[in-house]
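Reading the structure
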Amino acid sequence: MKESKSLQRFKSYTALFMIILIALACTLAYLVSKDIAITCVCGIGAAIVGVIFALIANKTIKKAIRDEKEIKKVKDAISEELEYNAPVPCVVIYGFGKIIWYNNISTTLFNRRDLLNKRLTELFPELDLEQITTAEEELLIQNFIIEDKIYDIKSESIKKQNRLTLEFDTYHVLYFIDVTERQEAYSKYELSKTLFGYCYIDNYEEILNSTEETKRPMMLGVLERKLQTWTKELGASLKKIEKDKFLFVISKENLNQIVEGKFKILEEVRKISVGNELPITISIGVSLIGENIDTLMEYSKDCAELAMSRGGNQAVVKKNENDYDYYGANSKQEAEGNNNSKAKARIKAYALKELLQSVDNVLIMGHRYSDLDCLGASVGMYSAAKAVG
């Protein structure tokens, strides 16, 4: 191991003084006496060694002080660098959100030069200060919007003992991390997700029966062309899987356009008239959630069946496990446990309404031996005829 300069210097001085002491001892022994020579040499030697140690200790202490000052300078430089040039805005709050320290970049975020002693809630009223001040561990507040940017706010608590009260005061260090680009990338990814939807014709058999046989192919062709045009304009793909069922593939972004338009395709299909006496209605089902493609398609099929069970002529979008949005003829408050006969009942009611409107006089007649069912049906028919006028 390489010796330090101080140790080398000490050895050199020791050897030099040992030579001087030996020479002095020999001289005194020759001139005076042996005992006096030994005593004088020991005293002088001890004094010289003490002086050497004192000099070395003094030099070592001075060097340690210089080193400590140098380290402090480095720490101050690092602190200054963090304070004025840190890439992340950082503030320290105390008590009820009073800012007691901040770095230079924070002034840009807060649009103020002097933040000292300002309350955080004055700058951001939407921020839940209680959530921050009561957190015992590290806290992360995600997607907090400041003007046109999105930030994650990371909070850390620091406890420091008060010298006067001897109690521990809690300080909270807040880092504002700009995640705008990350969120924009995530939003683009979410909008690009592929979804599967089902479209069912509610009253397929009834429509065919109400249409002349020669016009049926034309009527179905118009319907399919309408659906094909609708999906093509949205950048989606439509595939007929059964005579009265269609599957379409669409991105989440394009589905949002349909939702914003309240599924206008429902009304457009209803307006189709190519010899059909009954209006054509469809039920649409789409799910936004699903662990895989099979689950996604299964949920979408359930949504389409739910739309039909509610009477048809509507769309159902599944947003979460038990959260659905409804568009079209029926409202969300209506019962959802009916069966597919509700769609047929609505079709029959529509046909009855047109029949009542085409005559001037309505006669209601029950069977020969009337019972309560007959009486109730007669009253219902009377109310329906009266409502039509």
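See the structure above.
Notes on the structure follow. In every chain, residue numbers begin from 1 and rise along the written sequence. Selection of residues for local features in this predicted model requires a pLDDT of at least 70, selection of side-chain atom pairs for listing and counting requires 80 or more, and totals for whole chains, interfaces and linings are taken over all residues. Here the side-chain values reflect all heavy atoms present in the structure, with hydrogen atoms and water set aside.

**Some details on the nonpolar core**
Here, nonpolar core refers to any group of buried Ala, Val, Leu, Ile, Met, Phe, Trp, Tyr and Cys residues whose side-chain atoms link them within 4.5 Å. Each residue gets one of three labels from its accessible area relative to the maximum for its type: buried under 20%, exposed over 50%, partly exposed in between, using a 1.4 Å probe on protein chains only. One finds Leu-227, Phe-263, Ile-282 and Ile-284 to be the most contacted residues of the largest nonpolar core, which totals 39 residues. Contact between two residues is taken to exist if any of their heavy atoms lie within 4.5 Å; hydrogens are not considered. Excluding anything up to four places from it in sequence, Phe-263 contacts Leu-255, Ile-258, Ile-284, Ala-315, Val-317 and Tyr-327. In this structure, Tyr-102, Leu-109, Leu-129 and Ile-141 belong to the second largest nonpolar core, which totals 22 residues.

**Brief notes about the pairing of strand β1 (residues 90–94)**
By the criteria applied, helices consist of DSSP H or I runs no shorter than four residues and strands consist of E runs no shorter than two, each listed in order from the N terminus. Within β1, four of the five residues are buried, which leaves it mostly tucked inside the rest of the structure. Pairing between strands is defined by DSSP: at least two bridges between them are needed. Bridge analysis of β1 against strand β5 (residues 168–178) gives five bridges, and the strand direction is antiparallel. Opposite Ile-93, over in β5, you have His-172 as the bridge partner. Judged from the four bridges that link them, β1 and strand β2 (residues 98–102) form a sheet pairing that is antiparallel. Across the sheet, residue Ile-93 finds its bridge partner in β2, namely Ile-99. Hairpin connection from β1 to β2: three residues lie between these consecutive antiparallel strands, with Gly-95 at a positive phi of about 65°.

**Looking at the sheet that holds strand β8 (residues 245–251)**
Within the open sheet, the six strands sit side by side as β7-β8-β6-β9-β10-β11. Their pairing is mixed. Where the open sheet ends on each side, the last strands, each with one partner, are β7 (237–242) and β11 (323–328). For this sheet, the mean inter-axis angle between neighbouring strands, taken without regard to orientation, is 20°. The sheet contact formed by strand β9 (residues 282–287) and strand β10 (residues 314–320) spans five bridges and is parallel. Directly across from Gly-285, in β10, lies its bridge partner Val-316. Here the axes come from fitting lines to C-alpha atoms, over the contacting stretch only for helices, and the angles between their N-to-C directions go from 0 to 180 degrees. In the packing of helix α9 (residues 252–260) onto the sheet, contacts are made with β6 (194–201), β8, β9 and β11, and the angle to β8 comes to roughly 115°.

**Let's talk about the side chain of Asp-152**
Inspection of the secondary structure assignment puts Asp-152 in strand β4 (residues 149–161). Within the structure, the side chain of Asp-152 is placed 3.0 Å from the backbone nitrogen of Asn-143, a separation counted as a polar contact. The term polar contact refers here to a pair of N or O atoms within 3.5 Å; inside protein, the definition further demands a hydrogen-donor-capable atom paired with an acceptor-capable atom, and it admits residues adjacent in sequence only when both atoms are side-chain atoms. At 3.0 Å, the side chain of Asp-152 and the side chain of Arg-182 are in polar contact. Not counting residues up to four positions away in its chain, the partners in contact with Asp-152 are Leu-140, Ile-141, Gln-142, Asn-143, Tyr-175, Phe-176, Ile-177, Val-179 and Arg-182.

**Side note on a nonpolar patch on the surface**
Side chains of Val-359, Val-362, Ile-364 and Tyr-382 sit close together on the surface and give an oily, nonpolar patch of about 320 Å² of accessible area. Its location among the elements puts Ile-364 in the loop between α12 (341–357) and α13 (372–388). Each patch is built from salt-bridge-free residues with over 30% relative accessible area, joining like charges within 9 Å and nonpolar side chains (Val, Leu, Ile, Met, Phe, Trp, Tyr) within 5 Å. Each accessible area is a Shrake-Rupley result for a 1.4 Å probe, and residues are judged covered by the shown protein chains and nothing else. Only one rule defines a salt bridge in this text: a Lys or Arg side-chain nitrogen within 4 Å of an Asp or Glu carboxyl oxygen.

**Quick look at the pattern of salt bridges**
Evaluation of the coordinates by the stated rule reveals twelve salt bridges. Across the salt bridge formed by Lys-319 and Asp-323, the nearest N and O atoms sit 3.7 Å from each other. For Asp-323, a relative accessible area of 23% corresponds to the partly exposed category. Each member of the salt-bridge network shares a partner with another, and the members are Glu-138, Lys-154 and Glu-156.

**Quick word on α13**
Its 17 residues give α13 an end-to-end C-alpha distance of 24 Å, which sits within 8% of 24 Å, the value for a rise of 1.5 Å per residue. With a side-chain oxygen positioned 3.3 Å from the backbone nitrogen of Asp-373, the residue opening α13 is Asp-371. One or two residues past the end of α13 sits Gly-389, with phi positive at roughly 95°. The span expected for a helix works out to 1.5 Å for each residue beyond the first.

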